[in-house]
Amino acid sequence: MLLPLPCSAVPGDGVFPLAESTRITAPGELAPTARWLQSVLRPATGLPLPVSGMAEPAPAGSALALALDPDLPAEGYRLACGPGGVTITGGDTAGVFYGCQALRQLLPPQIYRAAGTAGVRWAVPYVTVEDSPRFGWRGAMLDVARHFMPKHDVLRFLDLLAVHRINTLHLHLTDDQGWRVEILRHPRLTEVGSWRRESQLGAAPDAPNDGRPHGGYYTQDDLREIVAYAAERHITVMPEIDVPGHSQAAIAAYPELGVQGERLEASPRWGINTNILNAEESTLDFFLGVFDEVMDLFPGRFIGIGGDECPKDQWDADPRTRELMAERGLGDSKELQAWFLGRIGAHIAARGRRVFGWDEILEGAVPEGVAVASWRGMTGARTAARRGYDVISCPDDQVYLDYRQSELESEPIPFAVPLTLADAYAFDPVPDGLTEQETARILGGQANIWTEHMDSPRTVDYYVFPRLCAVAEALWSRGGRDFDDFLVRLRPHLARLDALGVEYRREDGPLPWQSRPGVPGKPATRADWTEFIDGLVAHIKT
Ligand code: ACM
């Protein structure tokens, strides 16, 4: 019962028992994968599972053998279990890793526990699995700015992503409410910007504040550790520094970055904020320096620069900004935003990287090498693909995992439209109406986990699982989508999540301690929401 569903799985007749004599064999380049496999099989089974190179093959019938076959697809694998043992062959090391994840799923769910369970028979059923992913970008975005997730929990989250073959963790590191990444040349970003006095309690505009300080940040050593831990699990961590909006925490630390020069604090309120960065050269220089440190920490191809939800009121009202626009030959504040992001994009491109920006980036001249994250539904995906840009699909009404999970009033802080497990499962990153060439622009998709209303890792578990299991299958599996079949496979998968200690949402709604009685939400109907989103994207439609 594999989840995500593989391309094919042909069962055989028999089982291969794991025993004291079982060894893991792997060529040198797969030694790290072999050691990782050993580390996840040992605690529950209590078996030694020594790792050996190919020079000293295991006796017949006693091996978990790892191998590479470049004729297999990227990230693809073949897992064959029979009387001779288990052989996992990957098109690359990631493929071998995903074959190992499949192997874990072939064992009883107790394999996911961190210590031995009495009376479990550790045996792998005979089977041949052939598998490879539909998309190369299988992502999850975690907003650690609204609520900080401690490093330990980020590492746990990476393990959970790896179980679901998600290969990209997008860390939303900065926002109005908090700055979470240590920047050595600008220490006040974390000294001042990494905490706020209090937080809005609930989603309603008139919701009260809770009177409780909130904060936290990752040191550069923490981030290097997170990046390396992720890499061992074939996950790329993509950082996002959100500019020129969503920047109040930075302005709180360095008031000279703001338009009004006013003393601000990291915002205690959710929602779209009018305090944006000014457009001075000195502010650009400041952020080019921030991005330099960020690029040193995160070696992946893409660097997130935000670009979303930037109200232009302060720019439009400010004589100095208007002067800067005139000097630069820019007609309006929309062009100024494109100019600002273009400068950052060029700096990132000059270092051989590419920028990742939200779909507002299509509203003006687009920075070179951009991948566009379509979040306001799929209009951005369609438009960007037609205009020849790469796309990551993350339509809010299908993969925004902060949206309420049902119509139940007991959903905690019910926000936006109901986004059920079935809705998440129906996600298709490829919008309809594209040519083959345009379709090739869709790199994949990601679920976005905004954390205004998730104040602890336990709450993140509730919102994210099992919806992320459905998104993972939408991103990985090539076959037709059958929700009933998914539900059948989800049942044993939930036993795996139980063993891992994941506090997922039960099918019938929140447990009493997962609800938030009395904390106001802001629910919307599908019809109202669609109208609202359509209005936002009307001018980027092609
Ligand atoms: C977003 O949800 N503001 C990208």
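Residues numbered from 1 in each chain as written. Predicted model: local features only at pLDDT ≥ 70, side-chain atom pairs only at ≥ 80, totals over all residues. Heavy atoms only, no water.

Glancing now at the overall build of the chain. Of the regular secondary structure elements, the chain holds 18 helices and 21 strands. In terms of overall dimensions, the chain is globule-like: its C-alpha atoms have a radius of gyration of 24 Å, near the 24 Å expected for 542 residues. Pairs at least 24 apart in sequence give 73% of the contacts found in the chain among residues at least 6 apart. In the form shown here, the chain has an accessible surface area of approximately 20300 Å², with 53% of it arising from carbon and sulfur atoms. Averaging the coordinates of the 52 positive side-chain charges in the chain and doing the same for the 74 negative ones gives two points 3 Å apart. (Helix = DSSP H or I, 4+ residues; strand = E, 2+ residues; numbered from the N terminus. Rg over C-alpha atoms; globule rule 2.2 N^0.38 Å. Contact = heavy atoms within 4.5 Å. Areas by Shrake-Rupley, 256 points an atom, 1.4 Å probe, with all protein chains shown as cover. Lys, Arg positive; Asp, Glu negative; His and termini not counted. Charge placed at Lys NZ, Arg CZ, Asp CG, Glu CD.)

Bringing helix H15 (residues 457–464) into the picture now. Counted residue by residue, H15 has six buried out of eight residues, so it is predominantly covered. Listing the buried residues of H15 in full gives Thr459, Val460, Asp461, Tyr462, Tyr463 and Val464. Looking at the buried residues of H15, the elements they touch are helix H3 (151–163), strand E20 (442–449) and helix H16 (467–476). (Buried < 20%, exposed > 50% of the residue type's maximum accessible area, 1.4 Å probe, protein only.)

Before going further, it helps to spend a moment on the pattern of salt bridges. For the structure shown, the criterion picks out 36 salt bridges. The partner of arginine 146 in a salt bridge is glutamate 452, and the shortest N-O contact between them spans 3.5 Å. Here the residue arginine 146 occupies a position in the loop between strand E8 (137–143) and H3, and glutamate 452 occupies one in the loop between E20 and H15, the gap between them amounting to 306 residues. Of the two residues, arginine 146 and glutamate 452, both sit in the buried class. Here aspartate 221 makes a salt bridge to arginine 224, at a shortest N to O gap of 3.1 Å. (Salt bridge = Lys/Arg side-chain N within 4 Å of Asp/Glu carboxyl O.)

Moving on to the pairing of strand E7 (residues 123–131). Side-chain positions along a regular strand alternate between the two faces of the sheet. By the bridge criterion, seven bridges tie strand E1 (residues 8–17) to E7 in an arrangement that is antiparallel. When the bridges of E7 are listed, proline 17 appears paired with alanine 123. (Pairing = 2+ DSSP bridges.)

A word on the sheet that holds E1. Strands in a sheet are paired, the pairing made by backbone hydrogen bonds, and the direction either parallel or antiparallel. Taking strand neighbours across the sheet as the criterion, the seven strands line up as E1-E7-E5-E6-E4-E2-E3 in an open arrangement whose pairing is mixed. The two strands at the open ends of the sheet, each matched to only one other strand, are E1 and strand E3 (51–52). Helix-sheet contacts for helix H1 (residues 31–45) involve strand E2 (23–25), E3 and strand E4 (63–68), and the interaxial angle to E4 is about 145°. (Axes fitted to C-alpha atoms, helices over the stretch in contact; angles between N-to-C directions.)

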